[in-house]
Amino acid sequence: MMKKSLLGALALGLATSTSAFAQTEIQWWHAMTGANNEVVNRLAEEFNNSQKDYKVVVSYKGQYADTLNAGIAAFRAGNAPHILQVFEVGTATMMGARGAIKPVYQMMADAGENFDPKAYLPAITGYYSTAKGEMLSFPFNSSSMVMWVNKDELKKAGVSEIPKTWPQVFDAAKKLKAAGHETCGFSSAWTTWAMIEQFSAWHNVPMATKANGLDGFDTEMKFNSPLHVKHLQSLIDLQKDKTYDYSGRDSKSEGRFTSGECAIFLNSSGFYGNVKANAKFDYTSVPMPYYSDVQGAPQNSIIGGASLWVMGGKKAEEYKGVAKFFTFLSDTDRQAKLHQESGYLPITKAAYEKTKASGFYEKNPVLQTPLLELTNKEPTENSRGLRFGNMVQIRDVVSEEIEAALAGQKPAKDALDAGVTRSNQILRQFERSVSR
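Residues numbered from 1 in each chain as written. Predicted model: local features only at pLDDT ≥ 70, side-chain atom pairs only at ≥ 80, totals over all residues. Heavy atoms only, no water.

**Student:** Could you give an account of the state of the cysteines, with specific residues and numbers?
**Tutor:** For the structure shown, the criterion picks out one disulfide. Note that Cys184 is cross-linked by a disulfide to Cys262, the S-S spacing being 2.1 Å. Here the disulfide of Cys184 and Cys262 is right-handed, its torsion about the S-S bond being about 120°. Residue Cys184 is found in the loop between helix 8 (166–178) and strand 6 (186–188), and its partner Cys262 is found in the loop between helix 12 (255–258) and strand 7 (264–268); the two are separated by 78 residues along the sequence. For the pair Cys184 and Cys262, one class covers both residues: buried. (Disulfide = S-S within 2.5 Å. Helix = DSSP H or I, 4+ residues; strand = E, 2+ residues; numbered from the N terminus. Buried < 20%, exposed > 50% of the residue type's maximum accessible area, 1.4 Å probe, protein only.)

Written as structure tokens, this is what we have:
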């Protein structure tokens, strides 16, 4: 009897000891590559080392669209991660996925974590919140589109001042071509984001009705205006001799800038980490170019990047771990450091003020460029942001039409008209799906 009692006590003690050290795993699927992938891994490691109850496990799932599709497929199969990084244009799709998500404001309240939406930069949180200001997802790597410039190559080409307007960019690109950049005068990553979405906001022209979808899913596309047609036609003309050279639908072309091939390159401000690590020349970033004959331009840019969505159907203890991780990410010092190292925007007001007060921007003006763009003017109905359902498919459709135009298969107006018609069909399908 004594042996049985002793064995029982030992077994109970061992079980208690084991459960006391059992960690709750938090799966985080993301789309970060290069220097930013290292940032994600470091954040998870720092959080895991800061406490013993939870362990964040990170998994790279491909480009933004791949990660979104993987998350949706995993939810349908019943094995979704706890945290899914979704790019900003996937917001409407996630909002419409009833039951698939756990709203961040609700999760933080349920977990008893201190959470004040007003502590975050409104230009960022507005994108991911309801009309009542309730944050649906957690802003993580927010950015905006900027123009990256290889100052050494501009100087060699005899371009004395960094271009500010589109005609100046075109002229500088021609000089770069003549100076030896035969394959690329200028280009961009994320072509639809640069040449349609940001272009529209920066010039205060509507991309669509209903404040670009923010005021309702019954929005209709309008990016076939005379200004949009004029701009695409300019790109078509310049593509013929590679003064402008198309670089694809996503960010896989970034090496064209860091290698020195393309001396003028529009891309995310979050490109900073890769530029800093790989560019062997004097570089800077400046605001996007604009057409000076458009009244009121430039207006303000809109955010890019991604936020962290919490998936539905998880246990309360798991949500508690996710909530603690989000509190960890919101720490002022951590946010300031993340901003200064990665190039992504500080998500809290305190982190921005801390960085500004330290004099960091005087020494690193590159990292203030997107903030100056976002706050250039008070946002209008055309520049508050975008919220379109099935935006991944819409971007593919618009890219197809732009590619056809650049290949000489369609005039600019026909391509954009077709892009609008096809996009509106996708919007109506999405509207029907969320109204059921």
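**Student:** Give a detailed account of the environment of Gly305, specifying residues and quantitative values.
**Tutor:** Relative to the assigned elements, Gly305 resides in strand 9 (residues 304–310). For Gly305, a relative accessible area of 10% puts it in the buried group. Linking Gly305 and Lys222, residues 83 residues apart in sequence, is a C-alpha distance of 24 Å. With near-sequence residues (within four places) excluded, Gly305 lies in contact with Tyr64, Phe87, Glu88, Asn141 and Ser143. (Contact = heavy atoms within 4.5 Å.)

**Student:** Talk me through the packing of aromatic side chains; I want residue IDs and the actual numbers.
**Tutor:** Under the counting rule described, the total for this entry stands at 27 aromatic pairs. Geometrically, the ring pair formed by Tyr64 and Trp190 is tilted, given 6.0 Å between the ring centres and 35° between the ring planes. You can see Tyr64 sitting in helix 3 (residues 64–77) and its partner Trp190 sitting in the loop between strand 6 and helix 9 (191–202), a full 126 residues away along the chain. Accessibility expressed as a relative area gives 10% for Tyr64, which makes it buried. Grouped by ring-pair contacts, the aromatic residues Trp28, Phe47, Phe115, Tyr120, Phe138, Phe140, Phe325, Phe326 and Phe328 constitute a single cluster. One Lys or Arg, Lys230, reaches over the ring of Tyr291 and ends 4.4 Å from the middle of that ring. One Lys or Arg, Arg334, reaches over the ring of Phe328 and ends 3.6 Å from the middle of that ring. (Phe/Tyr/Trp six-rings, centres within 6.5 Å; stacked < 30°, edge-to-face > 60°. Lys NZ or Arg CZ within 6 Å of the ring centre and 35° of its normal.)

**Student:** Outline the pairing of strand 4 (residues 138–143), supporting the account with residue identities and numerical values.
**Tutor:** Of all six residues in strand 4, six are buried, a share of seventy percent or more. As defined by bridge partners, strand 4 adjoins strand 9 across five bridges and the pair is classed as antiparallel. Looking at the pairing, Asn141 lines up with Ala306 of strand 9. (Pairing = 2+ DSSP bridges.)

**Student:** Got a sec to walk through the packing of helix 9 against helix 11 (residues 226–239)? Specific residues and values, please.
**Tutor:** As a packed pair, helix 9 and helix 11 sit with axes 11 Å apart at the nearest point and diverge in direction by 140°. One element, helix 9, and the other, helix 11, form an angle in the oblique class. Helix 9 and helix 11 meet at a crossing whose hand is right-handed. Between helix 9 and helix 11, the residues in contact are Met195, Ile196, Phe199 and Ser200 and Leu227, His228, His231 and Leu235, respectively. (Axes fitted to C-alpha atoms, helices over the stretch in contact; angles between N-to-C directions. Parallel < 35°, antiparallel > 145°, perpendicular 65-115°, else oblique. Left-handed = near helix turned anticlockwise from the far one by under 90°.)

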